[in-house]
2 protein chains.
Amino acid sequence: MTTEELVAQIRLKKSFLCIGLDTDLEKIPSHLLKEEDPIFEFNKAIIDATHHLCVAYKPNIAFYEAYGIKGWIALDKTIKYLNTNYPELFTIADAKRGDIGNTSTRYAKAFFEDMEFDSVTIAPYMGKDSVEPFLAFKNKHTILLALTSNKGAYDFQIKLISGKELYKEVLETSITYENSENLMYVVGATKATFLSEIRKIIPNSFLLVPGVGAQGGSLEDVYKYGANKQIGLLVNSSRGIIYASKDEDFAQKAAKSALQLQKQMKKLMH
Amino acid sequence: MTTEELVAQIRLKKSFLCIGLDTDLEKIPSHLLKEEDPIFEFNKAIIDATHHLCVAYKPNIAFYEAYGIKGWIALDKTIKYLNTNYPELFTIADAKRGDIGNTSTRYAKAFFEDMEFDSVTIAPYMGKDSVEPFLAFKNKHTILLALTSNKGAYDFQIKLISGKELYKEVLETSITYENSENLMYVVGATKATFLSEIRKIIPNSFLLVPGVGAQGGSLEDVYKYGANKQIGLLVNSSRGIIYASKDEDFAQKAAKSALQLQKQMKKLMH
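Residues numbered from 1 in each chain as written. Chains lettered and ligands numbered in written order. Predicted model: local features only at pLDDT ≥ 70, side-chain atom pairs only at ≥ 80, totals over all residues. Heavy atoms only, no water.

**Some points on the relation of the copies chain A and chain B**
Argument step 1. Structural alignment of chain A on chain B gives an RMSD of 0.0 Å, achieved by rotating through 180° and translating 0.0 Å along the axis. With respect to symmetry, the two chain copies, as superposed, fit the operation of a two-fold axis. Proximity to the rotation axis, assessed at the C-alpha, singles out Ile161(A) in chain A; its C-alpha lies 2.0 Å from the axis.
Argument step 2. When you check the interface residues of chain A against chain B, 100% turn up at the interface there too, and the contact is symmetric in its surfaces. (Least-squares fit on C-alpha atoms with pLDDT ≥ 70 in both. Contact = heavy atoms within 4.5 Å.)

What follows is the structure, encoded as structure tokens:
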């Protein structure tokens, strides 16, 4: 998917909501456990009920990998279901991968070509030759971890490196990479005050913002300091939407939660 | 596996060789492609031919993930084959994972419990709460990326953070993590001169050293500057061993290559 197509969807739906498909067999409604593939059935129901309210879905790959072969089959069915039925939606493999050269290319092929995700999240620690193999794929997007929303982010990301915070060094270095126009960035919502600093370095890039809702970030702040002319934001919510109910009405309740966020977004976009 | 058991194997075999199972369908002997599971058959033959010369095997997960479900099945069969037939060998899932809290726990369970690897490689960028979930597993080892052997390592890892290089900050911070005795570190062999600096910070930890052979590092330097009282090294070779031949004798040729390295190691250990 091109960035223009993503922006068009955001304007059409008046939403920059991304729904995190962090599907956990211990948290999904128990009546689904009778199904042959409960993970996929849960995702399918959530997608069918919420696709008109969001512009992106983001399965965190750890949740699927944790179930082994069964989990990978469910992931594969989920991405195929999305691409077949809702091709207008942007898809993010939240994999946080990163390796060198040819090995990175293998991860890129797995997510971009075989599974046909639009984007994948990548850790920056190994630098240029671990990121560029992902950037080489046309109309695919590499979402680099910049400033994450967890406590451990303080360990390294905001420490001073060559006179500036490491996450800024990551941003500034990454824009020198080949095909850097294919970069987006993960920026934790709980650090909304950092957003204006970040926008000075990367005014035009899309930011994937986790941590609104359960992790406590403010949507208003994120929009105020993070939005650009083409909105440039994907705000993710996972648990707050997909686990809104454990009963048979879980999909409707998920849609209700998603609608609340979409309404706030619509208001902010006006 | 305990560290003591690993050290005992190293002394017994006079080897600190780790063989990288970076199995690529385009590089394995063509006669294997007729098999139902060529990846596993290749791994099995390599393992049977080399297990007495090395102390560890390290599949790079990207190579398996790239083949989708089929790749995960081959990986699963490979680790089961190792654990059943050669339980004395240390196994490393070279996955370079990293996520927050509960999500990291899912990756940890996938590799430590479901697949029963002894260790997994982890990226440090997200800090403490992305690493500690792995460290919580008893007799399992978390191998943190410190100083990698690729060019991109210069992007961030050796830049000064709070007055010292980022990789040193990673080392120093990581030893304050809970259960840090379960940490090992990835240190690129092509940076052998950095090893004495690293040993000042982590004198007792095991180092996983890629980049000897194809990537140009010197085994002598690695041993001279990196070995400690319990050797404390796992030196990895992948392509130089597993692709020593593309003919029917590939496994014997792999053993021959492994033997050359093991002989050098034996000499160094005397």
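Still to come is the rest of the account.
**Overview of the sheet that holds strand S2 (residues 56-58) of chain A**
Within a sheet, adjacent strands bond to each other through the backbone by hydrogen bonds, running parallel or antiparallel.
All names here are of chain A.
Argument step 1. Taken together, the eight strands give a closed barrel; going around it, the order is S1-S2-S3-S4-S5-S8-S9-S10, and neighbouring strands pair in parallel fashion. Neighbour to neighbour, the strand axes of the sheet diverge by 30° on average, direction disregarded.
Argument step 2. Note: strand S1 (residues 17-20) against strand S10 (residues 233-237), three bridges, orientation parallel. Pairing of Leu 17 across the sheet is with Val 235, part of S10.
Argument step 3. Helix H8 (residues 166-174) contacts strand S5 (141-147) and strand S8 (183-187) of the sheet and is inclined by roughly 155° relative to S5. (Pairing = 2+ DSSP bridges. Helix = DSSP H or I, 4+ residues; strand = E, 2+ residues; numbered from the N terminus. Axes fitted to C-alpha atoms, helices over the stretch in contact; angles between N-to-C directions.)

**Structural notes on the interface of chain A and chain B**
Argument step 1. Opposite the 51 residues of chain A that make contact, chain B presents 51 residues.
Argument step 2. Each partner contributes to the roughly 4500 Å² buried at the junction of chain A and chain B, and carbon and sulfur atoms together form 59% of this total.
Argument step 3. Three residues stand out in chain A for area buried against chain B, namely Arg106(A), Tyr125(A) and Phe156(A), and they jointly supply 21% of the buried area on that side.
Argument step 4. Linking chain A with chain B are eight salt bridges.
Argument step 5. Taking the shortest distance from any N to any O, the salt bridge between Glu65(A) and Arg97(B) comes out at 3.0 Å.
Argument step 6. Counting across the interface, chain A meets chain B through 30 residue pairs in polar contact (both at pLDDT 80 or more).
Argument step 7. Ranked by residue count, the leading element in the side of chain A that touches chain B is helix H5 (residues 101-114) of chain A, at six residues.
Argument step 8. Residue composition of the side of chain A that touches chain B, grouped by class: 26 nonpolar, 11 polar and 14 charged. (Buried area = accessible area lost by both parts, 1.4 Å probe. Salt bridge = Lys/Arg side-chain N within 4 Å of Asp/Glu carboxyl O. Polar contact = N/O pair within 3.5 Å; in protein donor to acceptor, adjacent residues only side chain to side chain. Nonpolar A, V, L, I, M, F, W, Y, C, P; charged D, E, K, R; others polar.)

**A look at the pairing of strand S4 (residues 119-122) of chain A**
Residue and element names in this part refer to chain A.
Argument step 1. With burial as the criterion, each face of S4 is covered, one bearing Ser 119 and Thr 121 and the other bearing Val 120 and Ile 122.
Argument step 2. For the crossover from strand S3 (residues 90-97) across H5 to S4, the handedness is right-handed.
Argument step 3. For the crossover from S4 across helix H6 (residues 128-135) to S5, the handedness is right-handed. (Buried < 20%, exposed > 50% of the residue type's maximum accessible area, 1.4 Å probe, protein only. Right-handed = clockwise from strand over helix to strand, strands pointing away.)

**Brief notes about the UniProt feature "active site" (unreviewed entry) in chain A**
Argument step 1. Under the feature "active site" (unreviewed entry), the UniProt entry names Lys96(A).
Argument step 2. Relative to the helices and strands, Lys96(A) is located in strand S3.
Argument step 3. The buried category is assigned to Lys96(A), whose relative accessible area is 7%.
Argument step 4. The residues contacting Lys96(A), other than those within four sequence positions of it, are Asn60(A), Thr121(A), Ile122(A), Ala123(A), Leu145(A), Lys96(B), Gly98(B), Asp99(B) and Met126(B). (UniProt positions renumbered as here; feature names shortened; annotations may be inferred.)

**A closer look at the environment of Val170(B)**
Argument step 1. Its place among the elements puts Val170(B) in helix H8 (residues 166-174).
Argument step 2. Of the residues examined, Val170(B) reaches a relative accessible area of 0% and is grouped as buried.
Argument step 3. Distance in space between the C-alpha atoms of Val170(B) and Glu65(B) is 28 Å, their sequence separation being 105 residues.
Argument step 4. Beyond its immediate sequence surroundings of up to four residues, Val170(B) is in contact with Tyr125(A), Phe156(A), Pro124(B), Leu144(B) and Leu145(B).

**Let's talk about the pattern of salt bridges**
Residues and elements named next belong to chain B.
Argument step 1. Counted under the stated rule, the structure contains 34 salt bridges over all chains.
Argument step 2. With a shortest N-O distance of 3.8 Å, Asp 48 and Lys 44 are connected by a salt bridge. Here Asp 48 and its partner Lys 44 are both found in helix H2 (residues 38-50), four residues apart, which amounts to about one turn of the helix.
Argument step 3. You can call Asp 48 partly exposed: its relative accessible area is 29%.
Argument step 4. Taking the shortest distance from any N to any O, the salt bridge between Lys 164 and Glu 172 comes out at 3.5 Å.

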